[in-house]
Amino acid sequence: MRKRGSEMERFEQPIGVFDSGVGGVSVLRELIRLMPYENYIFFGDSLRAPYGSKTLQEVRSLTEQHVGALLAQGVKAVVIACNTATSADVSILRGKYPGIPIIGIEPALKPAVLSAEHPRVLVLATPMTIREEKFCRLMKQYETQAEIMTQPCPELVRFVERGDFDSEELKAYLHEVLDAYRKEKWDAVVLGCTHFPFVKHAIQEVLENQTAFFDGGSGVARETKRRLKEQGLLQDNARSGRVVFQNSDSTKTKLCRKLAESQ
Ligand code: DGL
(Lines give C-alpha, C1' and ligand atoms only; values in the text may rest on other atoms or scores of the structure.)
Protein backbone atom coordinates (compact mmCIF):
# COMPACT_ATOMS: atom_id res chain seq x y z
CA MET A 1 0.00 0.00 0.00
CA ARG A 2 1.25 3.50 -0.84
CA LYS A 3 2.22 5.59 2.15
CA ARG A 4 0.68 9.02 2.70
CA GLY A 5 2.93 12.13 2.66
CA SER A 6 3.47 12.28 6.41
CA GLU A 7 4.33 8.57 6.58
CA MET A 8 6.76 8.73 3.69
CA GLU A 9 10.26 7.48 4.47
CA ARG A 10 12.82 10.25 4.08
CA PHE A 11 14.62 8.51 1.19
CA GLU A 12 11.31 8.44 -0.75
CA GLN A 13 10.95 12.22 -0.64
CA PRO A 14 11.80 14.25 -3.77
CA ILE A 15 15.02 16.10 -4.49
CA GLY A 16 14.46 19.87 -4.87
CA VAL A 17 16.29 21.49 -7.80
CA PHE A 18 16.43 25.28 -7.99
CA ASP A 19 17.52 27.74 -10.66
CA SER A 20 16.89 31.38 -11.54
CA GLY A 21 14.97 30.08 -14.57
CA VAL A 22 14.90 27.25 -17.10
CA GLY A 23 18.70 26.76 -17.31
CA GLY A 24 18.89 24.47 -14.30
CA VAL A 25 17.14 21.84 -16.41
CA SER A 26 20.62 21.14 -17.89
CA VAL A 27 21.55 19.91 -14.38
CA LEU A 28 18.21 18.17 -13.80
CA ARG A 29 18.81 16.10 -16.98
CA GLU A 30 22.10 14.84 -15.55
CA LEU A 31 20.47 14.06 -12.19
CA ILE A 32 17.73 12.03 -13.91
CA ARG A 33 20.28 10.24 -16.08
CA LEU A 34 22.25 9.15 -13.00
CA MET A 35 19.32 8.66 -10.60
CA PRO A 36 16.20 7.82 -12.65
CA TYR A 37 14.41 6.31 -9.65
CA GLU A 38 14.37 9.56 -7.69
CA ASN A 39 11.46 12.01 -7.63
CA TYR A 40 12.26 15.66 -8.37
CA ILE A 41 10.67 19.05 -7.88
CA PHE A 42 12.28 21.58 -10.23
CA PHE A 43 11.64 25.24 -9.44
CA GLY A 44 12.72 27.99 -11.85
CA ASP A 45 12.31 31.68 -11.03
CA SER A 46 11.89 32.78 -14.67
CA LEU A 47 9.79 35.77 -13.67
CA ARG A 48 12.87 37.33 -12.05
CA ALA A 49 15.65 35.93 -14.28
CA PRO A 50 18.38 36.85 -14.96
CA TYR A 51 19.89 36.79 -11.48
CA GLY A 52 23.42 37.44 -12.75
CA SER A 53 23.00 41.19 -13.05
CA LYS A 54 21.10 41.68 -9.74
CA THR A 55 22.72 42.74 -6.46
CA LEU A 56 24.17 40.14 -4.10
CA GLN A 57 21.45 40.92 -1.54
CA GLU A 58 18.67 40.43 -4.09
CA VAL A 59 20.04 37.05 -5.21
CA ARG A 60 20.50 35.92 -1.61
CA SER A 61 17.01 36.86 -0.59
CA LEU A 62 15.37 35.25 -3.68
CA THR A 63 17.43 32.06 -3.30
CA GLU A 64 16.56 31.72 0.38
CA GLN A 65 12.88 32.32 -0.33
CA HIS A 66 12.73 29.62 -3.03
CA VAL A 67 14.87 27.06 -1.22
CA GLY A 68 12.66 27.60 1.84
CA ALA A 69 9.59 26.90 -0.31
CA LEU A 70 11.14 23.66 -1.65
CA LEU A 71 11.94 22.52 1.89
CA ALA A 72 8.38 23.32 2.96
CA GLN A 73 7.28 20.80 0.30
CA GLY A 74 9.34 18.12 2.04
CA VAL A 75 12.36 17.71 -0.24
CA LYS A 76 15.14 15.55 1.24
CA ALA A 77 17.98 17.48 -0.47
CA VAL A 78 18.40 20.66 -2.48
CA VAL A 79 20.47 21.10 -5.64
CA ILE A 80 21.21 24.75 -6.40
CA ALA A 81 21.38 24.32 -10.19
CA CYS A 82 22.55 27.91 -10.65
CA ASN A 83 26.19 29.05 -10.51
CA THR A 84 25.10 32.58 -9.61
CA ALA A 85 22.87 31.60 -6.67
CA THR A 86 25.52 29.10 -5.49
CA SER A 87 28.24 31.73 -5.44
CA ALA A 88 25.97 34.19 -3.62
CA ASP A 89 24.32 31.97 -1.06
CA VAL A 90 25.36 28.33 -0.73
CA SER A 91 27.41 28.72 2.45
CA ILE A 92 24.62 30.73 4.12
CA LEU A 93 22.06 28.05 3.20
CA ARG A 94 24.28 25.27 4.55
CA GLY A 95 24.58 27.16 7.84
CA LYS A 96 20.82 27.66 7.99
CA TYR A 97 19.87 24.02 7.19
CA PRO A 98 22.69 21.84 8.58
CA GLY A 99 20.61 18.62 8.42
CA ILE A 100 19.82 18.88 4.68
CA PRO A 101 22.26 18.00 1.90
CA ILE A 102 22.63 21.21 -0.15
CA ILE A 103 24.62 20.74 -3.33
CA GLY A 104 25.76 23.75 -5.35
CA ILE A 105 27.34 24.19 -8.77
CA GLU A 106 30.46 26.08 -9.80
CA PRO A 107 32.10 26.57 -13.20
CA ALA A 108 33.83 23.33 -14.24
CA LEU A 109 37.29 24.89 -14.19
CA LYS A 110 39.08 21.89 -12.65
CA PRO A 111 38.30 19.33 -15.42
CA ALA A 112 38.97 22.02 -18.05
CA VAL A 113 42.40 22.82 -16.59
CA LEU A 114 43.27 19.14 -16.20
CA SER A 115 42.23 18.31 -19.78
CA ALA A 116 45.56 19.38 -21.33
CA GLU A 117 49.10 20.47 -20.50
CA HIS A 118 48.95 24.14 -19.42
CA PRO A 119 45.78 24.77 -21.45
CA ARG A 120 44.23 28.05 -22.55
CA VAL A 121 40.80 28.11 -20.91
CA LEU A 122 37.94 30.51 -21.61
CA VAL A 123 35.26 30.75 -18.90
CA LEU A 124 31.81 32.10 -19.85
CA ALA A 125 29.49 32.92 -16.94
CA THR A 126 27.27 35.64 -15.47
CA PRO A 127 28.85 38.86 -14.16
CA MET A 128 28.04 37.88 -10.56
CA THR A 129 29.60 34.40 -10.78
CA ILE A 130 32.82 35.87 -12.19
CA ARG A 131 32.92 38.66 -9.61
CA GLU A 132 32.11 36.65 -6.48
CA GLU A 133 34.70 35.36 -4.00
CA LYS A 134 33.88 31.67 -4.63
CA PHE A 135 35.02 31.80 -8.27
CA CYS A 136 37.98 34.10 -7.48
CA ARG A 137 39.25 31.43 -5.06
CA LEU A 138 38.79 28.74 -7.71
CA MET A 139 40.74 30.85 -10.24
CA LYS A 140 43.59 31.33 -7.75
CA GLN A 141 43.79 27.56 -7.28
CA TYR A 142 44.35 26.88 -10.99
CA GLU A 143 45.95 30.03 -12.38
CA THR A 144 49.47 28.61 -12.35
CA GLN A 145 48.41 25.48 -14.25
CA ALA A 146 46.60 27.21 -17.11
CA GLU A 147 46.03 30.47 -18.91
CA ILE A 148 42.50 31.42 -17.90
CA MET A 149 40.33 34.18 -19.39
CA THR A 150 36.85 35.06 -18.14
CA GLN A 151 34.03 36.61 -20.17
CA PRO A 152 30.69 37.66 -18.65
CA CYS A 153 27.70 37.08 -20.96
CA PRO A 154 24.92 38.96 -19.11
CA GLU A 155 22.31 38.82 -21.88
CA LEU A 156 22.67 35.16 -22.86
CA VAL A 157 20.27 33.94 -20.16
CA ARG A 158 17.44 36.02 -21.69
CA PHE A 159 17.73 34.19 -25.04
CA VAL A 160 17.52 30.77 -23.37
CA GLU A 161 14.57 31.92 -21.25
CA ARG A 162 12.77 32.81 -24.51
CA GLY A 163 13.54 29.37 -25.94
CA ASP A 164 15.83 30.98 -28.53
CA PHE A 165 18.81 28.69 -29.15
CA ASP A 166 19.94 29.66 -32.66
CA SER A 167 18.37 32.88 -34.01
CA GLU A 168 20.30 35.53 -35.93
CA GLU A 169 19.80 37.88 -32.99
CA LEU A 170 21.41 35.35 -30.64
CA LYS A 171 24.35 34.88 -33.01
CA ALA A 172 24.80 38.65 -33.31
CA TYR A 173 24.99 38.86 -29.50
CA LEU A 174 27.48 35.99 -29.34
CA HIS A 175 29.64 37.70 -31.97
CA GLU A 176 29.56 40.86 -29.87
CA VAL A 177 30.89 39.09 -26.75
CA LEU A 178 33.04 36.37 -28.35
CA ASP A 179 34.60 37.86 -31.48
CA ALA A 180 37.65 38.96 -29.51
CA TYR A 181 38.38 35.26 -28.77
CA ARG A 182 37.53 33.52 -32.02
CA LYS A 183 40.84 33.90 -33.81
CA GLU A 184 42.77 32.46 -30.87
CA LYS A 185 43.32 28.82 -29.98
CA TRP A 186 41.39 27.73 -26.87
CA ASP A 187 41.88 24.25 -25.44
CA ALA A 188 38.74 24.42 -23.33
CA VAL A 189 35.61 26.53 -22.94
CA VAL A 190 33.82 26.38 -19.59
CA LEU A 191 30.05 26.96 -19.70
CA GLY A 192 29.84 28.50 -16.23
CA CYS A 193 26.10 29.15 -16.23
CA THR A 194 23.52 26.38 -16.34
CA HIS A 195 21.60 28.14 -19.13
CA PHE A 196 24.59 28.02 -21.50
CA PRO A 197 24.64 24.28 -22.41
CA PHE A 198 21.40 24.92 -24.32
CA VAL A 199 23.20 27.36 -26.65
CA LYS A 200 26.44 25.37 -26.87
CA HIS A 201 26.06 24.78 -30.62
CA ALA A 202 25.63 28.49 -31.33
CA ILE A 203 28.69 29.27 -29.15
CA GLN A 204 30.63 26.53 -30.93
CA GLU A 205 29.72 28.00 -34.31
CA VAL A 206 30.81 31.51 -33.33
CA LEU A 207 34.08 30.22 -31.84
CA GLU A 208 34.51 28.14 -35.01
CA ASN A 209 34.38 24.70 -33.35
CA GLN A 210 37.87 24.85 -32.05
CA THR A 211 37.54 23.64 -28.48
CA ALA A 212 36.33 21.12 -25.92
CA PHE A 213 33.41 22.27 -23.76
CA PHE A 214 32.94 21.69 -20.03
CA ASP A 215 29.96 22.25 -17.78
CA GLY A 216 29.29 21.32 -14.17
CA GLY A 217 26.06 19.30 -14.62
CA SER A 218 27.38 15.74 -14.51
CA GLY A 219 29.77 16.56 -11.63
CA VAL A 220 26.85 17.93 -9.60
CA ALA A 221 24.80 14.80 -10.32
CA ARG A 222 27.66 12.55 -9.12
CA GLU A 223 28.17 14.66 -6.00
CA THR A 224 24.41 14.60 -5.24
CA LYS A 225 24.36 10.80 -5.52
CA ARG A 226 27.40 10.50 -3.27
CA ARG A 227 25.85 12.76 -0.60
CA LEU A 228 22.49 10.94 -0.68
CA LYS A 229 24.19 7.55 -0.42
CA GLU A 230 26.36 8.69 2.45
CA GLN A 231 23.24 9.75 4.38
CA GLY A 232 21.14 6.69 3.50
CA LEU A 233 18.83 8.87 1.40
CA LEU A 234 19.11 7.18 -2.02
CA GLN A 235 15.77 5.99 -3.40
CA ASP A 236 15.75 2.18 -3.67
CA ASN A 237 12.58 1.92 -5.73
CA ALA A 238 13.05 0.26 -9.13
CA ARG A 239 10.32 2.34 -10.82
CA SER A 240 11.07 5.56 -12.73
CA GLY A 241 10.64 8.65 -10.60
CA ARG A 242 8.39 11.64 -11.20
CA VAL A 243 9.41 15.20 -12.07
CA VAL A 244 7.22 18.12 -11.03
CA PHE A 245 7.99 21.43 -12.75
CA GLN A 246 7.19 24.64 -10.91
CA ASN A 247 7.99 28.14 -12.16
CA SER A 248 7.25 31.67 -10.98
CA ASP A 249 6.23 32.26 -14.64
CA SER A 250 3.74 29.49 -15.34
CA THR A 251 4.17 29.87 -19.12
CA LYS A 252 7.71 28.43 -18.75
CA THR A 253 6.87 24.96 -17.43
CA LYS A 254 6.28 23.67 -20.96
CA LEU A 255 9.76 24.85 -22.04
CA CYS A 256 11.30 23.18 -18.96
CA ARG A 257 9.63 19.89 -19.84
CA LYS A 258 10.82 20.16 -23.46
CA LEU A 259 14.40 20.93 -22.37
CA ALA A 260 14.38 18.02 -19.91
CA GLU A 261 13.53 15.67 -22.78
CA SER A 262 16.17 17.11 -25.16
CA GLN A 263 19.69 15.69 -25.34
N1 DGL B 1 21.51 29.51 -14.53
C2 DGL B 1 22.09 30.60 -13.83
C3 DGL B 1 23.58 30.32 -13.54
O4 DGL B 1 24.01 29.18 -13.64
C5 DGL B 1 21.80 31.85 -14.58
C6 DGL B 1 21.87 33.05 -13.72
C7 DGL B 1 21.03 34.20 -14.17
O8 DGL B 1 19.81 34.12 -14.03
O9 DGL B 1 21.63 35.20 -14.59
O10 DGL B 1 24.33 31.19 -13.19
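Residues numbered from 1 in each chain as written. Predicted model: local features only at pLDDT ≥ 70, side-chain atom pairs only at ≥ 80, totals over all residues. Heavy atoms only, no water.

Sorry if this is basic, but what is going on with the site of the ligand here?
Taken together, 13 residues are adjacent to the ligand, and Ser 20, Tyr 51, Gly 52, Thr 84 and Thr 194 come closest. Look at the ligand: alone it shows 300 Å² of surface, and the protein chains cover 99% of it. Partitioning the shell around the ligand into residue classes produces five nonpolar, seven polar and one charged. (Near = heavy atom within 4 Å. Areas by Shrake-Rupley, 256 points an atom, 1.4 Å probe, with all protein chains shown as cover. Nonpolar A, V, L, I, M, F, W, Y, C, P; charged D, E, K, R; others polar.)

What should I look at first to understand the nonpolar core in this one?
Generally speaking, a soluble globular protein has its nonpolar side chains buried in company with each other. Counting residues in hydrophobic clusters, the biggest one holds 48 residues, and the most contacted among them are Val 17, Leu 124, Leu 156, Leu 178 and Ile 203. For this core, the element with the highest residue contribution is helix H8 (residues 168-182), accounting for six residues. Ignoring any residue separated from it by four or fewer positions in sequence, one finds Leu 124 in contact with Gln 151, Cys 153, Leu 178, Val 189, Val 190, Leu 191, Gly 192, Cys 193, Phe 196 and Ile 203. Val 59, Leu 62, Val 78 and Ala 85 belong to the second-largest nonpolar core, a separate cluster that totals 20 residues. (Core = buried A, V, L, I, M, F, W, Y, C linked by side-chain atoms within 4.5 Å. Buried < 20%, exposed > 50% of the residue type's maximum accessible area, 1.4 Å probe, protein only. Helix = DSSP H or I, 4+ residues; strand = E, 2+ residues; numbered from the N terminus. Contact = heavy atoms within 4.5 Å.)

Mind showing me how you'd approach the sheet that holds strand E3 (residues 77-80) here?
Within a sheet, adjacent strands bond to each other through the backbone by hydrogen bonds, running parallel or antiparallel. Judged by pairing direction, the sheet is parallel, and its five strands sit side by side in the order E4-E3-E1-E2-E9 without closing on themselves. Each edge of the open sheet carries a strand with a single partner, namely strand E4 (102-103) and strand E9 (243-247). Looking at chain direction, E3 and E4 are connected through two bridges and run parallel. Bridging from a neighbouring strand, Val 78 pairs with Ile 102 of E4. Taken strand by strand, helix H1 (residues 25-34) contacts strand E1 (15-19), strand E2 (40-44), E3 and E9, and its axis lies near 170° from that of E2. The strands that helix H11 (residues 253-261) touches are E2 and E9; relative to E9, the one it contacts most, it runs at about 140°. (Pairing = 2+ DSSP bridges. Axes fitted to C-alpha atoms, helices over the stretch in contact; angles between N-to-C directions.)

Help me out: how do you make sense of helix H10 (residues 217-230) in this one?
Residues spaced three or four apart along an α-helix point in a common direction, a consequence of the helix completing one turn every 3.6 residues. Relative to the 20 Å expected for 14 residues at 1.5 Å per residue, H10 spans 20 Å between its end C-alpha atoms, a close match to the ideal helical length. Turning to H10, its buried residues number three or more, namely Gly 217, Val 220, Ala 221, Thr 224, Arg 227 and Leu 228. The buried residues of H10 occupy an angular sector of 130° when projected down its axis, which confines them to one face. Along H10, the residues that are exposed and aim more than 90 degrees away from the buried face are Arg 222, Lys 229 and Glu 230. Directly after H10, the chain includes Gly 232, whose backbone phi takes a positive value near 65°. (Expected span 1.5 Å × (residues − 1). Arc of directions from axis to C-beta.)

So what exactly am I meant to see when it comes to the packing of aromatic side chains here?
Two descriptors summarise a pair of aromatic rings, namely the distance from one centre to the other and the angle between the planes of the rings. A full pass over the atoms with the stated rule returns six aromatic pairs. Residues Phe 18 and Phe 43 carry aromatic rings whose centres are separated by 6.4 Å and whose planes lie at 10° to one another, so their mutual orientation is stacked. On the criterion of sequence distance, the pair formed by Phe 18 in strand E1 and Phe 43 in strand E2 is long-range, its members being 25 residues apart. Exposure class is identical for Phe 18 and Phe 43. Each is buried. Among the aromatic residues, those joined into a ring-pair cluster are Phe 18, Phe 43 and Tyr 51. Arg 120 extends its terminal NZ or CZ atom over the ring of Trp 186, reaching a point 4.2 Å from the ring centre. A cation over an aromatic ring shows up here: Arg 162 above the ring of Phe 159, its NZ or CZ 4.8 Å from the ring centre. (Phe/Tyr/Trp six-rings, centres within 6.5 Å; stacked < 30°, edge-to-face > 60°. Lys NZ or Arg CZ within 6 Å of the ring centre and 35° of its normal.)

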